[in-house]
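# Structural overview for review
Here's the letter readout for the chains.
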Amino acid sequence: MRLPCPICGERDVREFTYKGHAVALDRPAPNAGDAAWEDYVHLRENPAGETRELWYHGGGCGAWIVVRRNTVTHEVLGAELASEVAE
Amino acid sequence: MAKLIAKSPGAGLLPVRVGSLSLTEEAHDAITCVAPFQGQEKPVSAALKDAIGAALPGVGRVTGKAGARVAWLGLGQVLVLGPPVAPPGAAVTDQSDGWACLTLEGPGSRAVLARLTPLDLRENLFKRGHAARSLLGHMTCLFLRTGVERYEMLVFRSMAATAVHELTHAMQSVAAQRSGA
Ligand SMILES: [Zn+2]
């Protein structure tokens, strides 16, 4: 599997570390309440199809990226810098 | 007073020669990491150009000439391989003693690296003057292509012996294959 780093180009998956769903970028407000925080910290979808995930290019440029991927076809659809997504 | 003797990262390990392949150590006056603050790329580039004649390189590139080069190191960071520098508008750290700088040279050097890194080293993709961060075995490594069959690799100093071991092993393997032994 290869991931398209927006900085380095297409690179082998060995260079990356997986973090989890990109929901981590949508942090609730401190006063959002228990339900929102429980959802954010513990609850995850298990999508059959397209999903967005955070990967770290530690064996490369050092960027955090958001990868769009299809869990059914294993197709990698694209990637963006997490710093730009979070803005 | 005690007199301290400087020891290079490759002392006692290098040079290594296998057939027509060689692995040697590269000495730099200083290795300085420069990370421009947000929006300061232009003044930092001008300051570097003034100081050592090499501007800030783009992603995956190296500027300057032997003895005063600037190599892209990663997101928002470059390494200055040459005289010590301290451009304003950037986070600057002296990493001279932090890196082991190895040069692999000779026919088949690309085949040697292909055994150790997932980087696409094909002629039309990784050219002279290019820099790339990737893995050398399990180590993170900065690769510089500095000739047709010449590559420089910078790994963390603490990994020097492992890097030399892995590269020597791959050099022997490629040399044996080429001689039909
Ligand atoms: Zn990258």
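An unreviewed UniProt entry lists chain B under the name Sarcosine oxidase gamma subunit, from Candidatus Rhodobacter oscarellae.

Within an unreviewed UniProt entry, the label attached to chain A reads Sarcosine oxidase delta subunit, and the organism entered is Candidatus Rhodobacter oscarellae.

When its secondary structure is counted, chain B shows three helices and 11 strands. Of the regular secondary structure in chain B, the N- to C-terminal order runs β-β-β-α-β-β-β-β-β-α-β-β-β-α. The C-alpha atoms of chain B give 17 Å as radius of gyration, which agrees with the globular expectation for 181 residues (16 Å, within 12%). In terms of principal-axis extent, the alpha carbons of chain B reach across some 55 × 55 × 25 Å. Counting all 181 residues of chain B, 45% fall into the buried class. Pairs at least 24 residues apart make up 60% of the contacts formed inside chain B by residues separated by at least 6 positions. Looking at chain B as shown, the accessible area adds up to about 9100 Å², and 54% of this sits on carbon and sulfur atoms. Seen as two clouds, the 18 positive and the 13 negative side-chain charges of chain B have centres 4 Å apart.

Of regular secondary structure, chain A possesses two helices and six strands. For chain A, the N- to C-terminal ordering of α and β elements is β-β-β-α-β-β-β-α. C-alpha atoms of chain A, sized along the principal axes, occupy 40 × 30 × 20 Å. Put simply, chain A has 87 residues, and 33% of those count as buried. Taking the intrachain contacts of chain A between residues at least 6 apart in sequence as the baseline, contacts between residues at least 24 apart amount to 43%. If you sum the accessible surface of chain A, you get close to 5300 Å²; carbon and sulfur atoms cover 47% of it. Distance between charge centres in chain A, computed from 9 positive and 14 negative side chains, equals 6 Å.

Before going further, it helps to examine the coordination of the zinc ion. Protein-derived ligands of the zinc ion are Cys5(A) (SG), Cys8(A) (SG), His57(A) (ND1) and Cys61(A) (SG), with the metal-ligand distances lying across 2.0 to 2.5 Å. Taken together, the four donor atoms coordinating the zinc ion and their angles of 101 to 116° define a geometry best described as tetrahedral.

What follows deals with the pairing of strand S4 (residues 50-56) of chain A. Residues and elements named next belong to chain A. The pairing of strand S3 (residues 17-21) with S4 spans four bridges and is antiparallel. Within S4, the position partnered with Thr17 by the bridge is Tyr56. Sheet topology places S4 next to strand S5 (residues 64-70); seven bridges connect them, and they run antiparallel. Each bridged residue has a counterpart across the sheet, and for Arg52 the counterpart in S5 is Arg68.

We now examine helix H3 (residues 160-179) of chain B. Residue and element names in this part refer to chain B. Helix length check: H3 (20 residues) gives 28 Å between terminal C-alpha atoms against 28 Å at 1.5 Å per residue, within 8%. Turning to H3, its buried residues are Ala160, Ala163, Val164, Leu167, Thr168, Ala170, Met171 and Val174. Among the residues trailing H3, Gly180 stands out with phi positive, at a value near 75°.

All names here are of chain B. Spatially, S1-S2-S8-S11-S10-S9 is the arrangement adopted by the six strands of the open sheet, whose pairing is antiparallel. Where the open sheet ends on each side, the last strands, each with one partner, are strand S1 (16-18) and strand S9 (131-136). For this sheet the average axis-to-axis angle between neighbouring strands, irrespective of direction, equals 25°. Across three bridges, the pairing between S1 and strand S2 (residues 21-25) is antiparallel. Looking across to S2, one finds that Val18 is bridged to Leu21.

Turning our eyes to something else, we now look at the nonpolar core. All names here are of chain B. Counting 29 residues, the largest nonpolar core has Leu23, Leu113, Leu136 and Leu167 as its most contacted members. For this core, the elements supplying multiple residues, two or more each, are S1, S2, strand S8 (99-105), helix H2 (109-114), S9, strand S10 (139-147), strand S11 (150-156) and H3. When sequence neighbours within four positions are dropped, the list of residues in contact with Leu136 reads Leu113, Leu116, Cys141, Phe143, Met153, Val155, Ala163 and Leu167. Leu73, Leu81, Trp99 and Ala131 belong to the second-largest nonpolar core, a separate cluster that totals 12 residues.

Attention now goes to the packing of aromatic side chains. What describes a pair of aromatic rings is the distance from one ring centre to the other and the angle between the planes of the rings. Residues and elements named next belong to chain B. Within the structure shown, the criterion is met by five aromatic pairs over all chains. Ring geometry for Phe126 against Tyr151: centres 6.4 Å apart, planes inclined by 5°, an arrangement best described as stacked. Note that Phe126 is positioned in the loop between H2 and S9 and Tyr151 in strand S11, a separation of 25 residues in sequence. You'll find Phe126 and Tyr151 in the same group, each marked buried.

Here is what the cut-offs are and how they apply
Residues numbered from 1 in each chain as written. Chains lettered and ligands numbered in written order. Predicted model: local features only at pLDDT ≥ 70, side-chain atom pairs only at ≥ 80, totals over all residues. Heavy atoms only, no water. Helix = DSSP H or I, 4+ residues; strand = E, 2+ residues; numbered from the N terminus. Rg over C-alpha atoms; globule rule 2.2 N^0.38 Å. Buried < 20%, exposed > 50% of the residue type's maximum accessible area, 1.4 Å probe, protein only. Contact = heavy atoms within 4.5 Å. Areas by Shrake-Rupley, 256 points an atom, 1.4 Å probe, with all protein chains shown as cover. Lys, Arg positive; Asp, Glu negative; His and termini not counted. Charge placed at Lys NZ, Arg CZ, Asp CG, Glu CD. Donors = N, O, S within 2.8 Å, 3.2 Å for Na, K, Ca; no water. Tetrahedral: all angles 85-135°; square planar, octahedral: opposite > 155°, others 65-115°. Pairing = 2+ DSSP bridges. Expected span 1.5 Å × (residues − 1). Axes fitted to C-alpha atoms, helices over the stretch in contact; angles between N-to-C directions. Core = buried A, V, L, I, M, F, W, Y, C linked by side-chain atoms within 4.5 Å. Phe/Tyr/Trp six-rings, centres within 6.5 Å; stacked < 30°, edge-to-face > 60°.

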